[in-house]
Each structure stands twice: as structure tokens, then as C-alpha cells.
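Secondary and tertiary structure notes
In case you want the letters, here they are:
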Number of protein chains: 4
Amino acid sequence: MEKTTIQPNKQQLLNRLKRIEGQVRGVHQMVDNDRYCVDILHQISAIQSAMNKVSLALLEDHAHHCVMNAVQNGNGDEAISELMDVMKTMTK
Amino acid sequence: MEKTTIQPNKQQLLNRLKRIEGQVRGVHQMVDNDRYCVDILHQISAIQSAMNKVSLALLEDHAHHCVMNAVQNGNGDEAISELMDVMKTMTK
Amino acid sequence: MEKTTIQPNKQQLLNRLKRIEGQVRGVHQMVDNDRYCVDILHQISAIQSAMNKVSLALLEDHAHHCVMNAVQNGNGDEAISELMDVMKTMTK
Amino acid sequence: MEKTTIQPNKQQLLNRLKRIEGQVRGVHQMVDNDRYCVDILHQISAIQSAMNKVSLALLEDHAHHCVMNAVQNGNGDEAISELMDVMKTMTK
């Protein structure tokens, strides 16, 4: 059976991702219109920061729900190793 | 007069940004379909890393063209301060 | 009662920190001897990366031991919130 | 001839590095005394942030002095490539 996760703040996450998609489209347009690259770089930093917030929100829900359930069902070590792998990717 | 920059690798940048936009839309769909959040987090990391490559490519072109021109025209200090501000945002 | 943690790999961590302390002293000496700043910057990056490895090792031990114990003793939510706070500081 | 750099804010940099060395020694002591690992992790984050400030200060001086001189002497491309390499290491 495939693992699934119903996000507790699903609609909020979907809205944020919609907005980020629009921001990426905006950067595409800035490049297409030969906009000054320093302005583009600041806009990309804003996207990175918005994306990072989505990551942390997902991670937080994951830790409070999936990881806690796993520990209570005796699969804690596996769930925590998986959590650490994600964190290593995120802090790289 | 507004500053503009014609990117030397404009088409390549536009292609990359198109791909990133698609990846963000993919993450939106993963959340919508209740996909396992660890998989979503790894996908977001891939987007962050692709976005970081776009930043560095823009920064590199900017430094080799705009900054060098500015130094040769006697506006180097201002151009380099601006470059450092972008760097600070990117390493934050 | 104050919280304490006996690190499972205590001696290895202490050795790594000793080495990092020596590397910081080395950077001090490089600045003092007017060494080329690009070389200094690469050396600082090496320190940052060594320090990051110490953080991740501590975090991993913490999650597998303290957080798991806390969940099993019914204090999981608090322990996981604390873990997320550290994560936020580390990915900032 | 070996490249050297006399830092314009040499004494301030040396003081900061001395302080960071003391902070690393402090973390060593915290581990040795079995201090709570979340406290240690916050302390390491403070060191990383102090170290990052030293990097940015060095980078800023480097860009305003060495890179500008190089551009004026016709070696700009080489100096800027070197600067970008350092920046890539720092944003990795």
C-alpha cells in the first residue's frame, strides 16, 4: 500500500504553491523582458524563501503526525531516520 | 532610464524557468493528491537546487558583464556594493 | 532538574570540535599574516561544512534518543516542536 | 610571487575570530559536560552565523579592493571567475 498524507493545512499549502508558481512565471517574464538582473535575483530570493516556508510547514506537520504515530507503533527508528535524511537534504 | 540586461544565455534560462514552473505545479498536485510528505519534501529540495543554479548563472553573467563595465566606467564601488547586497540575501 | 544528554559518540564529537577549534585558529593566523582572502574564504567554508556535520550528528542522536523517549512518555508534541525550532534555526 | 591581502579591518576581524574560537571551545565543553543537545545546537547556530558574517566581511573587502584593481589592470575576468567560485562554495 502506498503511503499518503492528508495535510492538516492542505488548502493553505495549495494557495501558497499557486502563488509561488505565479512568482516563477513572473521571473520568466522578467528574463524575457531583459529586466535588470539584480532585480531578478532579489525576486528569486523571495521565491526561495517562500518555498522554504512551505518545506518547514510540511516538515512540521510530518513530524507531529507521521513520526509520532510511527514511534507509537514501534516504527520510530525508521521514521526518524527518514526525517533526518530529509533534513540533511534541506540543510545541504 | 531604466536599467536592463540582455542575458547572454537567455533562451537557456527561459527553458530552465519553464521547467521549474512545471515542477512547482507538480508539487501542487502532489499535495492535492495527498502524496506522502517526505516525497514532496524531496521534490521541493530539487526545485530549490534548480532555482539556486539559475541564481548563480544570473549572478555570474551579471558580474562578468555589468560589474566589469561599471568598474571600467568608474562606477565600480556602487556596482560591487549592489553585488554584495544580492550575495547577502542569497547566503542568508 | 536540568536536562542533560550523554552523547552516544561523545569522544568522536569532542575530537571533531577540537579539530574545528584548530581550524578557526588557523584562519586567525591567515588573516594575521595577510594571506590572500580567497584562500581564507575557502578555509572558512571548510569550517562551516565541518560544523554542519557536527550539528547533523547531534541532531540525529537527539531525534533517535530524546525525541523517541519523549514520544513514548507522552511528551512527544513538546519534543517535536523543540526539534522543529532547531531545524528552523539551521535552515535559516 | 604569492598573493597577499592586507585586510582594511584587520584588527576587527582578528577579534571576531578570537571570539569564535572561544565559542567553539565552549561547545566542546558543553558536549564534555553532557549538556542538553538542543542547547548545544542553538550555540552551534550562533557560531555559524558569526562565521558567516566574517566571510561576508572578507568577501566585501575582497570585491571592493582586489576585484576592482584586477578589472582596472585588465585581469577582471579572471578575478571575477575566482569570486564566483568562492560564492558558489558559500551558497552550496
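Residues numbered from 1 in each chain as written. Chains lettered and ligands numbered in written order. Predicted model: local features only at pLDDT ≥ 70, side-chain atom pairs only at ≥ 80, totals over all residues. Heavy atoms only, no water.

**Some words on the overall build of chain A**
A count of helices and strands for chain A gives 3 helices and 0 strands. Overall, chain A shows an N-to-C arrangement of helices and strands of α-α-α. Taking 12 Å as the expected radius of gyration for a compact globule of 92 residues, we find that chain A reaches 17 Å, considerably beyond that expectation. Expressed as a percentage of its 92 residues, the buried residues of chain A come to 49%. For chain A, long-range pairs separated by at least 24 residues make up 58% of all intrachain contacts whose partners lie at least 6 apart in sequence. Roughly 4400 Å² of accessible area belongs to chain A as shown, and the carbon and sulfur atoms make up 45% of that amount. Charge centroids of chain A, computed over 10 positive and 11 negative side chains, lie 6 Å from each other. (Helix = DSSP H or I, 4+ residues; strand = E, 2+ residues; numbered from the N terminus. Rg over C-alpha atoms; globule rule 2.2 N^0.38 Å. Buried < 20%, exposed > 50% of the residue type's maximum accessible area, 1.4 Å probe, protein only. Contact = heavy atoms within 4.5 Å. Areas by Shrake-Rupley, 256 points an atom, 1.4 Å probe, with all protein chains shown as cover. Lys, Arg positive; Asp, Glu negative; His and termini not counted. Charge placed at Lys NZ, Arg CZ, Asp CG, Glu CD.)

**Quick notes on the interface of chain A and chain B**
With 44 residues of chain A at the contact, the number on the chain B side is 44 residues. Interface area, chain A with chain B, both sides summed: about 4300 Å², of which 68% is carbon and sulfur. When the buried surface of chain A facing chain B is broken down by residue, Asp34(A), Tyr36(A) and Leu41(A) rank first, second and third, together holding 15% of it. Here chain A and chain B share 4 salt bridges between them. The residue Arg25(B) makes a salt bridge to Glu21(A) at a minimum N-O spacing of 3.0 Å. (Buried area = accessible area lost by both parts, 1.4 Å probe. Salt bridge = Lys/Arg side-chain N within 4 Å of Asp/Glu carboxyl O.)

**Here we look at the nonpolar core**
Within soluble globular proteins, side chains that are nonpolar tend to cluster in buried spots. Grouped together as the largest cluster of nonpolar side chains are 122 residues, with contacts concentrated most on Leu59(A), Leu59(B), Leu59(C) and Leu59(D). With residues up to four places along the chain from it excluded, the contact list for Leu59(B) reads Leu41(A), Leu83(B), Val86(B), Met87(B), Met90(B), Met84(D) and Met87(D). (Core = buried A, V, L, I, M, F, W, Y, C linked by side-chain atoms within 4.5 Å.)

**Some words on the pattern of salt bridges**
On inspection of all chains with the given rule, the structure shows 20 salt bridges over all chains. Note that Asp34(A) is salt-bridged to Lys10(B), the shortest N-O span being 2.8 Å. Here the residue Asp34(A) occupies a position in the loop between helix H1 (10-32) and helix H2 (37-72), and Lys10(B) occupies one in helix H1 (residues 10-32), the pair thus bridging two chains. What emerges from the salt-bridge pattern is a single network uniting Lys18(A), Glu21(A), Arg25(A), Lys18(B), Glu21(B) and Arg25(B).

**Quick word on the interface of chain C and chain A**
Interface extent is often summarised as the accessible area lost during association of the parts. Residue-level contacts link 19 residues of chain C with 19 residues of chain A. At the boundary of chain C with chain A, total buried surface from both sides reaches about 1900 Å², with 73% on carbon and sulfur atoms. Summed over the shared surface of chain C and chain A, the number is 2 salt bridges. Taking the shortest distance from any N to any O, the salt bridge between Glu60(C) and Lys88(A) comes out at 3.3 Å. One can count 6 residue pairs in polar contact (both at pLDDT 80 or more) joining chain C with chain A. Every element with two or more residues in the side of chain C that touches chain A is listed here: helix H2 (37-72) and helix H3 (76-91) of chain C. Ranked by the residues each element gives to the side of chain C that touches chain A, the list is headed by H3(C), at 10 residues. (Polar contact = N/O pair within 3.5 Å; in protein donor to acceptor, adjacent residues only side chain to side chain.)

**Topic: the packing of H2(C) against H3(C)**
A pair of packed helices can be characterised by two numbers: the angle between their axes and the separation between those axes. Residues and elements named next belong to chain C. The N-to-C vectors of H2 and H3 enclose an angle of 165°; their axes lie 9 Å apart at closest approach. Put simply, H2 runs roughly antiparallel to H3. With respect to the hand of their crossing, H2 and H3 are arranged in left-handed fashion. Residue-level contacts link Ser55, Leu56, Leu59, His62, Val67, Ala70 and Val71 of H2 to Gly76, Ala79, Ile80, Glu82, Leu83, Val86, Met87 and Met90 of H3. (Axes fitted to C-alpha atoms, helices over the stretch in contact; angles between N-to-C directions. Parallel < 35°, antiparallel > 145°, perpendicular 65-115°, else oblique. Left-handed = near helix turned anticlockwise from the far one by under 90°.)

**Side note on the relation of the copies chain C and chain A**
Of the two same-sequence chains, chain C is brought onto chain A (RMSD 0.0 Å, axial shift 0.0 Å) by a rotation of 180°. Put plainly, the chains are arranged around a two-fold axis. Among all residues of chain C, the minimum C-alpha distance to the rotation axis is found for Thr91(C), at 2.8 Å. Taken as a fraction of all interface residues of chain C, those also at the interface in chain A reach 100%, which identifies the copy contact as same-surface. (Least-squares fit on C-alpha atoms with pLDDT ≥ 70 in both.)

**Observations regarding the environment of Asp85(C)**
Residue and element names in this part refer to chain C. Looking at the element boundaries, Asp85 is found in helix H3. According to the relative accessible area criterion, Asp85 is partly exposed, its value standing at 41%. C-alpha separation for the pair Asp85 and Lys10, spaced 75 residues apart in sequence, amounts to 24 Å.

**Examining helix H3 (residues 76-91) of chain A**
In a regular helix each residue adds 1.5 Å, so 16 residues correspond to 22 Å; H3(A) covers 22 Å between its end C-alpha atoms and thus fits that length. Burial in H3(A) covers these residues: Gly76(A), Ala79(A), Ile80(A), Leu83(A), Met84(A), Val86(A), Met87(A), Met90(A) and Thr91(A). Each buried residue of H3(A) lies within a common arc of 160° when the element is viewed along its axis, so the set occupies one face. Contact partners of the buried residues in H3(A): H2 of chain A, helix H2 (37-72) of chain B together with H2 and H3 of chain C. (Expected span 1.5 Å × (residues − 1). Arc of directions from axis to C-beta.)

**Here's the deal with the side chain of Ser55(A)**
Here Ser55(A) is to be found in helix H2. We classify Ser55(A) as buried; its relative accessible area is 3%. Excluding anything up to four places from it in sequence, Ser55(A) contacts Met90(A), Leu41(B) and Ile44(B).

**As for the side chain of Asp61(C)**
All names here are of chain C. Residue placement: Asp61 occurs in helix H2. An unpaired buried charge is present at Asp61: no salt bridge exists, and Arg16, the closest side chain of opposite charge, is 9.0 Å distant. Among residues more than four places away in sequence, those in contact with Asp61 are Gln7, Pro8, Asn9 and Cys66.

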